[in-house]
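Observations on the three-dimensional arrangement
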Amino acid sequence: MMGLWIPLLLHLHLDLVLSVSPAAGVSLSAPLNVSIASFNMEHTLSFLPGPGTAADARFRVHVLRFRRKNSWKPVTGCLELTARQTCNLTRPFKDPLDQYRARVQAFTPSQVSNWTLSGLFHPVIDTVLGPPDVSVSGCGNCLVLQVRPPVARGLQQRQQLLDLYRELRCLVRRTRDGAQFSLNLPYEEESVIGYLQPEVEYCVTVTVTTVFNPHAVPTKAHCAFTSPPPDSSSVHVVLGLLFVFSLLGLLLVGFVVYGGHLTSKLPRQHLPRLLSYIPLQGQNPGGAQPEPSNQISASQTHEDASADSLPALHGPAGLRRSSSAEGEEDEGLPSN
């Protein structure tokens, strides 16, 4: 019975080999330049197709975690890549303290290539730490420094960055003369750089340091005044207002002086005729009425001419004044 099964199994095996041997006999070129780049704990695999690779070829990616050797696992989403596509390995490389390796293979419906391995990758050491988010504000004679991790795609990367941050290397430069100094601060979201000059602008450049990772990119310079400097525009406004008020004061004094000068001249020019005539009557009590001088006659003539042009309303008042003046003259004359 066993003798009958052995030839049958050999025949089936031979048929299987013949069916797959053409595909196995023709091999595609293996991918080239398989590498892993990492920035702020986001890991990306890239590669190039080998020479002569068919245009319809696809590529698959597997990863190996060294704590589980000989256990290559396919990467979801990276099993049918086209040429020059990249593969995100952030999720498969979730343990930053472990070591990993990746491999890439090209394939077509009838052909496959050999695997191409990447170099050994250690996330906590090989990732590049980009510049964090920094803001600087003044606090009198100091600067308040606020530092936060850069925006990440997921909470996993953000938490890994927070676990990596240990110190802040700060380069402080005074913009007035370029004097600078550096200091290391323990990582906190808010720190204070003290013992600075008030009302002076400083620029701060921050670099994050870790225990294992030497790859860090510094931030650009962030500048701020320790305390607000005097506002030149407000000084100009105050000076302008003082000038305007001074000018108004001078104009007001000028108007007052000029008005007083005019007021002092008006009574002398418009003395009533009766007031200038009464002293002449007192000087000649017993004699005849003195003849008015030519000056008075001229003024009378002028006033009479002016009186003719006055409205009728002034007529009775003038008559009453003349009547009373004549009555007084009659009482002063001796009876015959």
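Scroll up for the structure.
Scoring rules and cut-offs
Residues numbered from 1 in each chain as written. Predicted model: local features only at pLDDT ≥ 70, side-chain atom pairs only at ≥ 80, totals over all residues. Heavy atoms only, no water. Buried < 20%, exposed > 50% of the residue type's maximum accessible area, 1.4 Å probe, protein only. Helix = DSSP H or I, 4+ residues; strand = E, 2+ residues; numbered from the N terminus. Pairing = 2+ DSSP bridges. Patch = residues over 30% accessible without salt bridge, like charges linked within 9 Å, V, L, I, M, F, W, Y side chains within 5 Å. Areas by Shrake-Rupley, 256 points an atom, 1.4 Å probe, with all protein chains shown as cover. Salt bridge = Lys/Arg side-chain N within 4 Å of Asp/Glu carboxyl O. 1 Å grid on protein atoms, 1.4 Å probe; cavity = no way out; pocket = protein on both sides within 12 Å on 5 of 7 lines; lining within 4 Å. Points joined across faces, edges and corners; volume = space filled by probe spheres on them. Nonpolar A, V, L, I, M, F, W, Y, C, P; charged D, E, K, R; others polar. Contact = heavy atoms within 4.5 Å. Disulfide = S-S within 2.5 Å.

**Concerning the pairing of strand β14 (residues 190–193)**
Two faces make up the sheet, and in a regular strand the side chains alternate between them. Side chains of β14 alternate between two faces, with Ser191 and Ile193 buried and Glu190 and Val192 left unburied. For strand β11 (residues 143–148) and β14, the ladder comprises four bridges, and the chain directions are antiparallel. Residue pairing across strands places valine 144 opposite valine 192, the latter belonging to β14.

**Focus on a nonpolar patch on the surface**
Among the surface-exposed residues, Val237, Leu241, Phe243, Val244, Phe245, Leu247, Leu248, Leu251 and Phe255 lie close enough to one another that they form a single nonpolar patch of about 960 Å² accessible area. Relative to the elements of secondary structure, leucine 241 occurs in helix α4 (residues 232–269).

**As for the pairing of strand β16 (residues 222–225)**
Only one face of β16 is covered, namely the one carrying His222 and Ala224; the face carrying Cys223 and Phe225 has none of its residues buried. Where strand β15 (residues 201–209) meets β16, four bridges bridge the pair, whose relative direction is antiparallel. Across the sheet, the residue bridging to glutamate 201 is phenylalanine 225, located in β16.

**A short note on the layout of surface pockets**
Its boundaries defined by the atoms lining it, the second largest pocket holds a volume of some 490 Å³. Every residue lining the second largest pocket is counted, 17 residues in all, and those nearest its centre are Val63, Thr90, Arg91, Pro92 and Lys94. Elements that contribute at least two residues to the lining of the second largest pocket include exactly β4 (58–65), β5 (73–74) and α3 (155–164). In terms of residues, the lining of the second largest pocket owes the most to one element, β4, which gives three residues. The class makeup of the residues in the lining of the second largest pocket is six nonpolar, six polar and five charged.

**With respect to the side chain of glutamine 157**
Here glutamine 157 lies in helix α3. With residues up to four places along the chain from it excluded, the contact list for glutamine 157 reads Asn40, Met41, Glu42, Thr90 and Ala152.

**What to know about the state of the cysteines**
What the rule picks out here adds up to three disulfides. Here cysteine 78 engages in a disulfide with cysteine 87; their sulfurs sit 2.1 Å apart. Its torsion about the S-S bond being 100°, the disulfide of cysteine 78 and cysteine 87 is classed as right-handed. Neither cysteine 78 nor cysteine 87 differs from the other in exposure class; each is buried. There is a disulfide in this structure between cysteine 203 and cysteine 223, and the S-S distance comes to 1.8 Å. Judged by the torsion about the S-S bond (100°), the cysteine 203/cysteine 223 disulfide is right-handed. With a gap of 20 residues between them, cysteine 203 in strand β15 and cysteine 223 in strand β16 connect regions that are remote in the sequence.

**A few points about the pattern of salt bridges**
Pairing is possible between side chains that carry opposite charge, provided their charged atoms lie close to one another. As enumerated under the stated definition, the model contains five salt bridges in all. For arginine 65, the salt bridge is made with aspartate 95, and the minimal N-O distance between the two is 3.3 Å. You can see arginine 65 sitting in strand β4 and its partner aspartate 95 sitting in the loop between β6 (87–88) and β7 (100–107), a full 30 residues away along the chain. Classification of arginine 65 as partly exposed rests on a relative accessible area of 22%. Judged by relative accessible area, which is 16%, aspartate 95 ranks as buried. Linking arginine 65 and aspartate 98 is a salt bridge whose minimum nitrogen-to-oxygen distance equals 2.6 Å. With arginine 65 in strand β4 and aspartate 98 in the loop between β6 and β7, the pair connects residues that are 33 residues apart, well separated along the chain.

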